[in-house]
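One-letter residues, chain by chain:
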Amino acid sequence: MKDKSFLMIPGPTPVPESVLLEIAKHPIGHRSSEFSSILEEVYENLKYVFQTKNDVFMYTSSGTGAMCAALENLVNEGDKVLSLIIGNFGNRWAKIAASRGANVEKIEVAPGEVIDPTVLKKRLDEDINKEIKIVTLTHSETSTGAANDIKTLCSIIKAHGAISVVDGVTSVCAMPCKPDEWGIDVLISGSQKGFMIPPGLAFLTASERAWKVYEQCKHPSFYFDWAAHKKSVQANSTPFTPAVNLISGLNVALRMIKKEGIDNVNARHKKHAMALRKALKAMNMTLLVENDENASYAITSIVPPQGITVPDIRKSLKEDYDIVVANGQNQLKDKIFRMGTLGFVCDRDLIASVGALEAVMHKLGHKFNLGDGVKTLIEELNK
Ligand SMILES: *Cc1c(COP(=O)(O)O)cnc(C)c1O
């Protein structure tokens, strides 16, 4: 049976029917009082989800747009930027910084690993003249499924005096992420990941310290300009024509998140990711991120067993069960496959996915006790 496609990838993620129906309505005028009251509620609830007192800006773009909105409003030519790279998305920060003429230094680790806080501290301690102005980092690295200890890393950056710029595209909603409490200076995210709506919106929030750096930016972005967006947020408006339908859908999705409670939403993601990891281990599967402590709650990367290829696994899951899992990116292509537990995912989805994966691995000749994955999963989910 077709037309029952189910996405288990780290974005786009499944969208609730109530959100889809809201998005399907006729567009309304973006300067109408009706839309303004939607924006008022959305801006308020975004602060709740981002767990910040500061404004959260909304951009009509994918997540990368918000990454540009961060660095293009902070970096002047020649500025020193330290990029902490644990995968593709961390490297994207370095590329954007370089595109603005920054002097970029990288600290890079192998796929599946995370940044060691003592390594960061040592590098920043060496910077006695405080040349490093900005440190970019990724919370949940979607290309590997590893997650940095953002709380510790950002406190080290704050103690040095640099500005921390954090990619929270697959962590906001999925993992505890508290910019005000943890001293994250700039935090960005995107709509098609934890927010349960389709691609097309991106978000950014900035601390007072980050605003001081923004004020010294000689050529801030026009489309993503922070000051223009701040003014609009305060007027329950947007600087340009936004994706009105997506924002109406976001309003419904944010109400759902608020109703569940952000801590409960985080806890659900943790429970799902950890249960999935245990189930996969019970199936004799190898995880790219070995330690639970370093694992993202949004995405799990699996190394296929000897003799069974990633394309075969993905093809069988798609053809036999209409379940889509992601391949690895770049150098990890065909080396791992990735399962998302991000956004609108419930226990049933996980049971169905692990059951289907068992069926596929069994068919492809992988050696394990059929049923052990689902059994372990259910035991974990019922705890
Ligand atoms: C998806 C994603 C992005 C943004 O990608 P877009 O394709 O521009 O939406 C950035 N960082 C991470 C960690 C992501 O998962």
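Keep in mind it's a predicted model, so treat the numbers as computed, not measured.

What follows is about the pattern of salt bridges. Side-chain pairing between opposite charges can occur once the charged atoms of the two side chains come close. Applying the stated criterion to the full structure yields 21 salt bridges. In this structure, the salt-bridge partner of E126 is K122, at a minimum N-O distance of 3.3 Å. Highlighted residues: E126 and K122, both in helix 5 (residues 117-126), separated by four residues, approximately one helical turn. By relative accessible area, which is 46% here, E126 ends up partly exposed. By relative accessible area, which is 55% here, K122 ends up exposed. The closest approach of N and O atoms between D349 and R348, which form a salt bridge, is 3.8 Å. Several salt bridges share partner residues, and in doing so they unite K80, E105, K122, R123 and E126 into one network.

Attention now goes to the sheet that holds strand 10 (residues 201-206). Taken in spatial order, the seven strands make up an open sheet running 2-10-9-8-5-3-4, and their pairing is mixed. Edge positions in the sheet fall to strand 2 (56-60) and strand 4 (103-108), since each of these pairs with one other strand and no more. Between one strand axis and the next, the sheet turns by 20 degrees as a mean value, whatever way the strands run. Here six bridges tie strand 3 (residues 80-85) to strand 4, and the two strands are oriented parallel to one another. What sits directly across from L84, in strand 4, is I107. On top of the sheet, helix 3 (residues 63-71) reaches strand 2, strand 5 (132-138), strand 8 (163-167), strand 9 (186-190) and strand 10; it is set at about 160 degrees to strand 9, its chief contact.

Let us look at the packing of aromatic side chains. For the coordinates displayed, the defined rule picks out eleven aromatic pairs. Where F195 meets F203, the ring centres are 4.6 Å apart and the plane angle is 40 degrees; that geometry is what we call tilted. Each member of the pair F195 and F203 is classed as buried. By way of ring pairs, the aromatic residues Y59, F222, Y223, F224 and F240 are connected into one cluster. Above the ring of W211, the side-chain terminus of K230 is found at 5.2 Å from the ring centroid. Looking at K258, its charged tip hangs above the ring of Y48, at a distance of 5.8 Å from the centre.

Cut-off values and rules
- Residues numbered from 1 in each chain as written.
- Predicted model: local features only at pLDDT ≥ 70, side-chain atom pairs only at ≥ 80, totals over all residues.
- Heavy atoms only, no water.
- Salt bridge = Lys/Arg side-chain N within 4 Å of Asp/Glu carboxyl O.
- Helix = DSSP H or I, 4+ residues; strand = E, 2+ residues; numbered from the N terminus.
- Buried < 20%, exposed > 50% of the residue type's maximum accessible area, 1.4 Å probe, protein only.
- Pairing = 2+ DSSP bridges.
- Axes fitted to C-alpha atoms, helices over the stretch in contact; angles between N-to-C directions.
- Contact = heavy atoms within 4.5 Å.
- Phe/Tyr/Trp six-rings, centres within 6.5 Å; stacked < 30°, edge-to-face > 60°.
- Lys NZ or Arg CZ within 6 Å of the ring centre and 35° of its normal.

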